[in-house]
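# Coordinates in review
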Amino acid sequence: MPRDDAARRQALGAFLRSARARVSPGDHGLPPGLRRRTPGLRREEVAQLGGISTTWYTWIEQGREVSVSVDVWCRLADALKLARAERHYLFSLAECADPQAGRLDTVALPDGLSDCVDSIQGPAYILDQAWNVLAWNPALQQLFDGWPGRGRANLLHYIFMEPAARTLVLDWEERASRVVAEFRADVAALAGDPAIGSLVAELQAGSPLFARCWTRQTVIDREGGLREFQHPSRGRLRFRQFTFRLAIRPDCKLVMLLGDQ
């Protein structure tokens, strides 16, 4: 067995032991007991919550080479009350894909993140995986002539369903076609999510261009570069677009538009 694989299993076992010690028996409705020598859950309790034998779970904590299914890892993560980063760490060490990683996150933005967007001088906004605009600053609302303060705060819906987008976004058809390919790349892990399916069906029914582009199966990364707009009162505006993944919300991205002089 390669040494690095053994080290990975040892790290996994150490993490499980640490996580087990942090969970109170009361979190699962278990009695505190009078003979607990260590804080947290016992191995047999975690094993029971995970639906496996105590021996099997003990071997996992000891770093032995055992085969564990995705369902068991999910149950163990739930039993140990793992936070997002901890769950990601567990599945990374287990070399297993977390089925929850492909779920659309509906949790509100952390406190202060909207204030960060407001502090940016140029137009800026935060998109989730479904391209809902979760936060934006006044500069973006001015650029988009009132949106997303009015109407539905989804960038795809705006581009394909709002008539104003066709005149505001220069080279609208080319930009819109590229947007579909970027969106497809973003939602690859969310193919079975009902919210994504509903959005795609709505756009296919309401926009012939979206329907054509979606059937092409084109996938590209969301890239920066020049963005031009024909504003109804300010005339032609040019920006350079930059997109950043948020460490505090990996499912979201911050998009900034810097004035191009």
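Here the structure is shown first, and the text comes after it.
About the thresholds
The written sequence of each chain sets the order in which its residues are numbered from 1. In view of the model being predicted, local features appear only for residues whose pLDDT reaches at least 70, and side-chain atom pairs are presented and counted only at 80 or more, with totals across whole chains, interfaces and linings using the full set of residues. Side-chain numbers come from the whole structure's heavy atoms, not from hydrogens or water. Aromatic rings from Phe, Tyr and Trp, taking only the six-membered ring of Trp, are treated as a pair when their centres fall within 6.5 Å; an angle between ring planes under 30 degrees marks them as stacked, one over 60 as edge-to-face, and anything in between as tilted. The helix and strand labels rest on DSSP assignments: H or I over at least four residues marks a helix, E over at least two residues marks a strand, and numbering proceeds from the N terminus. For every residue, the accessible area (1.4 Å probe, protein chains only) is compared with the maximum for its type, and the residue is labelled buried under 20%, exposed over 50%, or partly exposed between those bounds. Two strands are said to pair when DSSP picks up at least two bridges between them. Axis definition: a line fitted to C-alpha atoms, over the contacting stretch in the case of helices. Angles run 0 to 180 degrees between N-to-C directions. Candidates for patches are residues over 30% relative accessible area with no salt bridge; among them, like charges are joined within 9 Å and nonpolar side chains (Val, Leu, Ile, Met, Phe, Trp, Tyr) within 5 Å. Surface exposure here means Shrake-Rupley accessible area, sampled with a 1.4 Å probe, where a residue is shielded only by the protein chains that are shown. We define a salt bridge as a contact between a side-chain nitrogen of Lys or Arg and a carboxyl oxygen of Asp or Glu at a distance within 4 Å.

## Topic: the packing of aromatic side chains
Aromatic ring pairs are described here by two measures, namely the spacing of the ring centres and the angle between the planes. A full pass over the atoms with the stated rule returns twelve aromatic pairs. Note on Phe144 and Tyr158: the rings are 5.4 Å apart at their centroids and 70 degrees apart in plane angle, and the pair reads as edge-to-face. Of the two residues, Phe144 is situated in the loop between α7 (138–143) and α8 (155–161) and Tyr158 in helix α8; the sequence distance between them amounts to 14 residues. With 6.0 Å between their ring centres and 70 degrees between their planes, Phe229 and Phe239 make a pair best called edge-to-face. Linking Phe229 in strand β3 (residues 225–231) with Phe239 in strand β4 (residues 235–245), this pair joins segments that are ten residues apart in sequence.

## Focus on helix α2 (residues 43–50)
Taken together, the buried positions of α2 are Glu45, Val46, Ala47 and Gly50. Following α2 by one or two positions, Gly51 adopts a phi angle in the positive range, close to 75 degrees.

## Brief notes about the pairing of β3
Both β3 and β4 contribute to a ladder of seven bridges, which runs antiparallel. Residue pairing across strands places Gly225 opposite Gln241, the latter belonging to β4. Connecting β3 to the antiparallel partner β4 that follows it, the hairpin turn spans three residues.

## Brief notes about the sheet that holds strand β2 (residues 133–136)
Reading across the sheet, the five strands line up as β2-β1-β5-β4-β3 and stay open at both edges, with antiparallel pairing between neighbours. With one partner strand each, in any of the chains shown, β2 and β3 form the two edges of the open sheet. Here the average twist between neighbouring strands, direction ignored, is 30 degrees. As judged from the four bridges shared by strand β1 (residues 124–127) and strand β5 (residues 253–259), these two strands associate in the antiparallel manner. Along β5, the bridge assignment pairs Ile126 with Leu254.

## Topic: the pairing of β2
Regular strands place side chains that alternate from one sheet face to the opposite one. Relative to β2, β1 runs antiparallel, the two sharing three bridges. Following the sheet pairing, Ile126 is matched in β2 by Ala135. The hairpin formed by β1 and β2 contains five residues between the paired strands, and Trp131 there has a positive phi angle of roughly 65 degrees.

## Here we look at a nonpolar patch on the surface
On the surface, Phe242, Phe244 and Leu258 cluster together to form a nonpolar patch covering roughly 240 Å² of accessible area. Relative to the helices and strands, Phe242 resides in strand β4. Residue classification places Phe242 among the partly exposed residues on the basis of a relative accessible area of 34%.

## Re the side chain of Lys253
Relative to the elements of secondary structure, Lys253 occurs in strand β5. Its relative accessible area of 2% is what places Lys253 among the buried residues.

All we've got here are geometric facts, nothing functional implied.
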